[in-house]
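Chains, contacts and geometry: an overview
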Amino acid sequence: MTATVSRDPGPAARTMRGRRREWTTVLELLNAAESGRPGTLLVEGEPGAGKSLLLDQAVRAAAARGLITVTGRAREFGSPAPAEPLLAAFGEPLPPEPPIERLRPALDRRAGAGPVLVALDDLQWADPGTLAALEPLASRGTRHAVAWLLVRCTGTDHDAVARLFDRGERDGAARCRLGPLDEDAVTEIMIDLLGAVPDAGLLASAAEAGGNPFLITELLTGLRDEGAVRVSGGRARLSSARLPDRVRTGVARRLGGLRPRTRHLLTVSAVLGRSFSPEDVAEVLGTTPAALVPDLEELLEAGLLAAAPAVLRFRHELIRRVIVEAVPPPVRQALHRQIGELLIGREDSVASAAAHLVRGVRPGDARALARLDEVIAFVLPRSPRNAAALAMHALELTGPAEPARPDRTLTAVRALTATDRLDEAARLARAAFDRPMPAPACARLHCTLAEILSLRGHDDEAAEEASAALAEPGLPGGLRDDAELALLNARAGSGTGVRERAQAIVSSTGEHGDALVAGAFVTLALAEWDAGRLTSGLALAEEAVRRAVSADTRRVHPRLVLAMLLTDAQRHDTARTVMTSAGDDTLGPFAWSAAPAVLAARAHLAAGRFHEAIAAAEKGLSSTGRPRLLVASALSVLITASLRAGDLGAAHDHAAAHRSAPGYPHAALALAAAQVAEARDGAESLDLGALRDKVLRHRWTLVADPAAAAWLVRTALAADARPAAEAVVTAVERLAAGNPAFPAVRAAADHARGLLDGSPATLERAAADHPDPWARASALEDLAVIVAAEEETAKARRRAVSAFDTALSAYEAMDADRDAARVRRRLRRLGVRRRHWNNADRPVSGWASLTDTERAVSELVAQGLTNRQVADQLFMSAHTVAFHLRHVFRKLNIGSRVELTRRTLQRTAST
C-alpha cells in the first residue's frame, strides 16, 4: 500500500532531533540570559541546513521562558536604508539619524524590562550599516542581560559578515556550525515522515541529500506524495527510482539565479561526476581553467560546489543528479562519450572513463562502437573488470546479425575470464555457437573456451574444444598454434599422447611461433617431472622460459612453472628469484594471481612456519586467478600446515574441501588428505593400495614433500602392508639414484629405508641430510622409537632420550603442538617427563584462565570428539582428558559439553 503518515511532528521538530547538540548550545545561551549574563551565539551553515528553524525554535523557547524577543531578517536583494533589518526589529524609524544612536537606547529600554533575545537571520545578505551597528552592540551590548543569536548562510561568500563572525568568536562568542546530519538523525527524520523504518534502498536514496535537512525532507515528502514509497510490515521501501517533481522544482528554483554560462558549466561538471578537476571541465568545454574562474566562484558562492584539496565536488549528490537528469538523453550520451574518450588515456582514470563510455554509445552507432572496441583493447590489460563491463555493454549494443558480433563476443568472453567470471564466460561462449560465424572466429572462441575449461579443471572438455578449433578449415598459422597450445594445456599431465605431440612441435624448426614452442617445452618439462626425471624437467622448463622471451606467455606461464618445479625441489630461494624476475606482466590479464601467494605458502611450509603457510595459502585461495593446479596446491598446504600445527579440525575441513574441488587428481592433495584421515581414524581407514599407486604414478610428490615417503612406509607398516611399504622404498630410492643433484630426495630415500629396515644408522643419516626441519624432526623421532625398541640398555635409553629431546625441541620451535605432545608421551613411557607449559599469571576463571592443554581439549571437544578421540589426538589417556575437562568446566562455570562447545565456538568467532 502507499505509505501514509499517522503523525507528522513538522519540519522544526524533525530538524531539532538531528540538531540536539546545537540545540543544547542554544539552551545554554537562554539559560545565561535568564541568569542575567549576556552572551552571543553565531550560527552558520549551508542552505537547507536548518538554521532558520533553529532560530525560530529559539525564539519560541525564549518567549515561553518570559524573555523579551526581538527578531529580524536581512533581505537577499538589499535593504531600502542602512541597518534597516535592525531598526525594523526594534520598531525604530529609518535614518536620517545614525542607526547606532537609535539602537542602543532601544536595546536598553527592552533590556531594562527583563532578559532579551535578539535573533537576526540571513545576515549573509546584511548591508554594511547593519554589520557596522551589530559589532559594537553584540560585543559590548548593554548593562543588562541580552542574548544575541546571529545566523548566516555559508553558501555565499560575503567577506564582511564572515569577518564579523570571526571577530565575534575571538571576542568570546560561541560559534555553531551546522554540518550534515548524521545517519541516525536522518533515519529519525525518515521514520517521522514515512511512519515506518526505511530499508537500505531508501537510506541510500536519502544519503544523496548529503545530510541536508531541507533536501531530505523535500525528497521524502515528494516520494511519499507521489506514491514512490510502499510500507509493509513496518518497513518502508522505495518502489520507484524517479526523483520527485518537488525536488526537481526546488533545485530548478535554486539554480534560477545563476547566469546562463554558469549553468552551462554546472551541467557539464555534473555529467563529469560528483568530483572533477577544473582542468577536465575546461578541456571538455574547449577553454582554459583561467577562463572558468568567475563561473566557478559563482558556483562556490552559491553553495553548489565545495573545494577539496585537488578537485571540486558537488555538495549534494541529489542536486547533481537532478542536473544530470535534466539534460536531454542524446546530449547526455554525447557528453559521456566525449568525457570517456578524454579520460581513457590516463592510467589513473580508467574506471571513470569506462563508466562514461558505457553511457555514451548508442545501439547501431557503428563508428562509436568501433571506437569502443579500441578502448576495450586498451583497457583490458590495465583493468580487466572495467574492460568486462565495457565489452558486455558493447555486445548488448551489437545486433545478432552484425559482422562485428563474433569478435565482440570473443572480447567479452576473454574479459570475463580475466576477472575470474569463468562460468559466465563459458555460458556466453557456448551460446555464441548457436549462430553461424566465420571459421577463424569460431576457432578463436573454441580456443578461449578450452582455456576456461582448463582453468576449471575440466580437461577432457577442454581438449574437445581445442580439437574442434583444429578441425575448422583454413586456419592461419598463428590461430592453429593457439589451438595446438590449448590442446597441450588440456592434456598436460595426462600422458595421453601429449608428450609425442609436444616433441613434434619442438622438433619442427621454424614452423611454429614462440608461444606454442614455449608451451610444448612446458608440457615436456611437466611430463619429465611427473616421471621423476628432475634434472631433465628443470632443463626443459628453463628452455621454455628462454623461448618465451618474445612471446605472449599469458597461456603458457613458463616462469611460473619453473618456479613451481624449483619449489618442489626445495630450491626456494631460486624459485623466489624466478618469480621476482617475471614481474606482473608474465601472469598477464588472465591472471594466475594466486601463484605468488601459493608459492610463498609452500616455502613457509618447508621452513616449518605453519601459521604463515596457512595465511599465505588462504590468501592464494581468495585471489581471483585460481586455476585448479593452484587450488590443489594451496589446499594441500592448508591441510598439511593445519595438521602439523595441531589443528586437526581445520585440517579435516580443508580435506573435505578437496573432495568437493574441481576434478583434478592432484596426488599431493590426495596424500595430504590421507594423512588427516590416518590421524583421525587410523591407518586401517585408508585404501593404501590406491594411494600408493597414485603417488608412484606421480613421483614428484615424493620430492615436493620430503616426509611423504616415510609417512607412507610408516603407515603401511602400521597396517601390516609391508609389500606397499617396500614398493614406496624402491620407488624413492630409484628417484634418488636418478637425481643425485637433489640431496632432499636422497634424505627422503634414507628416511623411508631406515623405517623399513629398522636401521638407526640410516635414519641418523636422513636426519642429518633433511633440509626440511619438520622432516628432520620426524626422522629423529623415528630413530628414537627404533633405538628404544631395539634393546633395553642404559646406553640405548640415553640415545633414544637424546633423539626424542632433539625432535621435541624442533617440534616446539615450529609450534607443532600435536607432534610435540606425541614425543612427550613417548618420553613418559621411558620414565622422562618434559614440562610443556609456560609459567604465567592467569586469572582464576574465564577463558583466559585455561592452560594451553585445557584450550586444546576444549577445541577438540567442540569439534564433536569423544574423550577417547581427544586422548588419541593429544597423546594422553582418556582419564587425563576427563581430568582436564573437569578443570575447564569449573573455570568456565559450565556443566556440559554442549555449553563448552557453544562457548568455544563463540570464542573462535570473536578472535
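You'll find the structure just up there.
Considerations on the environment of Ala683
- Here Ala683 shows up in the loop between α34 (667–681) and α35 (688–697).
- On the basis of relative accessibility, which here comes to 8%, the residue Ala683 falls in the buried class.
- The spatial distance from the C-alpha of Ala683 to the C-alpha of Leu717 is 9.3 Å, given a sequence separation of 34 residues.
- When near neighbours in sequence (up to four residues on either side) are disregarded, Ala683 contacts Glu678, Thr715, Ala718 and Ala719.

Details of the sheet that holds strand β8 (residues 235–238)
- Strand order in the open sheet made by the three strands is β6-β8-β7, with mixed pairing throughout. Two strands in the sheet have a free side with no partner beyond their single neighbour: β6 (197–198) and β7 (229–232).
- Note that β7 and β8 share four bridges and pair antiparallel. Looking at β8, one finds that Arg230 is bridged to Arg237.
- Lying on the sheet, helix α9 (residues 200–207) is in contact with β6, β7 and β8; it crosses β8 at an angle near 60°.

Some remarks on the sheet that holds strand β10 (residues 305–307)
- The three strands are arranged β9-β11-β10 in an open sheet whose pairing can be described as antiparallel. Edge positions in the sheet fall to β9 (275–276) and β10, since each has one partner strand and no second.
- Two strands pair when backbone bridges link them, and β9 and strand β11 (residues 312–314) are joined in this way by two bridges, in the antiparallel orientation. Looking at β11, one finds that Ser275 is bridged to Arg313.
- The sheet contacts of helix α12 (residues 260–272) involve β9, β10 and β11, and relative to β11 the element is tilted by about 90°.

Observations regarding helix α7 (residues 159–170)
- If you check α7, its first and last C-alpha atoms are 16 Å apart, about what twelve residues at 1.5 Å a residue would give, namely 16 Å.
- Every buried residue of α7 is listed here: Val161, Ala162, Leu164, Phe165 and Gly168. Across the axial projection of α7, the buried residues extend over an arc of 155°, all falling on one side.
- With its phi angle positive at about 110°, Gly172 sits one or two positions after the end of α7.

A few points about the environment of Glu396
- Looking at the secondary structure, you find Glu396 in helix α19 (residues 384–396).
- Note: C-alpha distance between Glu396 and Thr409 (13 residues apart in sequence) is 9.8 Å.

Regarding helix α38 (residues 722–738)
- Taking 1.5 Å per residue as the helical rise, α38 with its 17 residues ought to reach 24 Å, and the 24 Å between its terminal C-alpha atoms agrees with that figure.
- Within α38, burial applies to Ala724, Ala725, Val728, Val729, Ala731, Val732, Leu735 and Ala736. With its buried residues spanning 165° around the axis, α38 presents them on a single face. Exposed and facing more than 90 degrees away from the buried side of α38 are Pro723, Arg734, Ala737 and Gly738.
- If you follow the buried residues of α38, they end up packed against α35, α36 (701–704), α37 (708–718) and α39 (743–757).

Side note on the packing of helix α45 (residues 867–874) against helix α46 (residues 878–892)
- At a minimum axis distance of 8 Å, the contact between α45 and α46 shows a crossing angle of 105°. One finds that α45 runs roughly perpendicular with respect to α46. Side by side, α45 and α46 meet where Asn867, Arg868, Val870 and Ala871 of the first sit next to Ala878, Val881, Ala882 and Leu885 of the second.
- The residue inventory of the contact of α45 with α46, partitioned by class, reads six nonpolar, one polar and one charged.

Observations concerning the packing of aromatic side chains
- One pass over the full model with this rule turns up two aromatic pairs.
- Seen from their ring centres, Phe276 and Phe314 are 6.1 Å apart, and the 55° between their planes marks the pair as tilted. Here Phe276, found in strand β9, pairs with Phe314, found in strand β11; they are 38 residues apart in sequence, far enough to count as distant. Each member of the pair Phe276 and Phe314 is classed as buried.
- On the basis of an interplanar angle of 55° and a centroid distance of 6.3 Å, the ring pair of Trp774 and Tyr811 is categorised as tilted. Of the two residues, Trp774 is situated in helix α41 (residues 773–790) and Tyr811 in helix α42 (residues 794–813); the sequence distance between them amounts to 37 residues. In this structure, Trp774 and Tyr811 share a single accessibility class: buried.
- Geometry around Phe165 places Arg152 over its ring, the cationic atom sitting 5.3 Å from the centre.

Quick notes on the rules
Residues numbered from 1 in each chain as written. Predicted model: local features only at pLDDT ≥ 70, side-chain atom pairs only at ≥ 80, totals over all residues. Heavy atoms only, no water. Helix = DSSP H or I, 4+ residues; strand = E, 2+ residues; numbered from the N terminus. Buried < 20%, exposed > 50% of the residue type's maximum accessible area, 1.4 Å probe, protein only. Contact = heavy atoms within 4.5 Å. Pairing = 2+ DSSP bridges. Axes fitted to C-alpha atoms, helices over the stretch in contact; angles between N-to-C directions. Expected span 1.5 Å × (residues − 1). Arc of directions from axis to C-beta. Parallel < 35°, antiparallel > 145°, perpendicular 65-115°, else oblique. Nonpolar A, V, L, I, M, F, W, Y, C, P; charged D, E, K, R; others polar. Phe/Tyr/Trp six-rings, centres within 6.5 Å; stacked < 30°, edge-to-face > 60°. Lys NZ or Arg CZ within 6 Å of the ring centre and 35° of its normal.

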